[in-house]
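Residues per chain are reported as follows:
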Amino acid sequence: MGDFKTIGKAFIDYYYSKFDTGPRDSVAALFEPVNGMMNFNSPDFAKGAQEIAEKLRTLTFQTITHTVSTMDIQPTYDSCIFIVVTGVLKADNDPPMQFTETFLLRFLNNSWLVVNNVFRLILHG
């Protein structure tokens, strides 16, 4: 499977770079086109690259910056890569917020694509 840690770190660096510099919906191309799933701070998920792109277009912030604090990367028994990220994001003029994001990557058509993704803000109070 190659060096799963190197692949995982490179993927996360690329993902947040694309997400932060936009257009945000271009991140949908990193998902498995038909079955890729994304939860974005909600129990409801978008399925497939087209729904994921639409979900990303509906996000209301104009600017965002992700700062990764931790990144845990594991290989799975079926040759996928499982990644859990924690960090801080800054959107528009809002105060910085902590987040966690989980990715399951699968190698398909000569690319590592997201098959499952869950993003959550860590809200206190």
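One can find the structure itself at the top, above this paragraph.
Here's a quick rundown of the structure. (Residues numbered from 1 in each chain as written. Predicted model: local features only at pLDDT ≥ 70, side-chain atom pairs only at ≥ 80, totals over all residues. Heavy atoms only, no water.)

### Observations regarding the pattern of salt bridges
As a reminder, the rule being used: Just to be clear on terms, a salt bridge is a Lys or Arg side-chain nitrogen sitting within 4 Å of an Asp or Glu carboxyl oxygen. Each helix is a run of DSSP H or I of at least 4 residues and each strand a run of E of at least 2, with the numbering of both proceeding from the N terminus. Working definition: with a 1.4 Å probe on protein chains only, accessible area under 20% of the residue-type maximum means buried, over 50% means exposed, and in between means partly exposed.
Throughout the structure, instances matching the rule amount to four salt bridges. Of the charged contacts, one joins Arg57 and Glu54 as a salt bridge, the two residues approaching to 3.3 Å between their closest N and O atoms. Highlighted residues: Arg57 and Glu54, both in helix 2 (residues 48-57), separated by three residues, approximately one helical turn. What makes Glu54 partly exposed here is its relative accessible area of 41%. Put simply, Asp78 and Arg106 hold a salt bridge, and the shortest N to O gap is 3.5 Å. Pair noted here: Asp78 is in the loop between strand 3 (64-75) and strand 4 (81-91) and Arg106 is in strand 5 (residues 97-108), with a separation of 28 residues, a long-range link. Via salt bridges that share partners, Asp25, Glu54 and Arg57 belong to a single interconnected network.

### Brief notes about the side chain of Asn117
What counts here: We call two N or O atoms a polar contact when they sit within 3.5 Å, provided that within protein one can donate a hydrogen and the other can accept it, with sequence-adjacent residues counted only if both atoms are side-chain atoms. Any two residues having at least one pair of non-hydrogen atoms within 4.5 Å are treated as being in contact.
Along the chain, Asn117 turns up in strand 6 (residues 111-122). Residue classification places Asn117 among the buried positions, given a relative accessible area of 1%. Polar side-chain contacts of Asn117 include one of 3.4 Å to the backbone oxygen of Thr102. Not counting chain neighbours up to four residues away, the residues in contact with Asn117 comprise Tyr15, Phe31, Met37, Met38, Asn39, Glu101, Thr102 and Phe103.

### Things to note about helix 2
For helix 2, the complete set of buried residues consists of Gly48, Ala49, Ile52, Ala53 and Leu56. Where helix 2 is buried, its residues touch helix 1 (4-21), strand 1 (37-40) and strand 2 (45-47).

### As for the pairing of strand 6
Spelled out, the test is: A pair of strands is treated as paired once DSSP finds two or more bridges between them.
By the bridge criterion, four bridges tie strand 1 to strand 6 in an arrangement that is parallel. Bridging from a neighbouring strand, Phe40 pairs with Phe119 of strand 6. Here strand 5 runs beside strand 6; their pairing, made up of 11 bridges, is antiparallel. Bridging from a neighbouring strand, Leu104 pairs with Asn116 of strand 6. Hairpin geometry of strand 5 and strand 6 is characterised by an intervening segment of two residues between the two adjacent antiparallel strands and by a positive phi of about 50° at Asn109.

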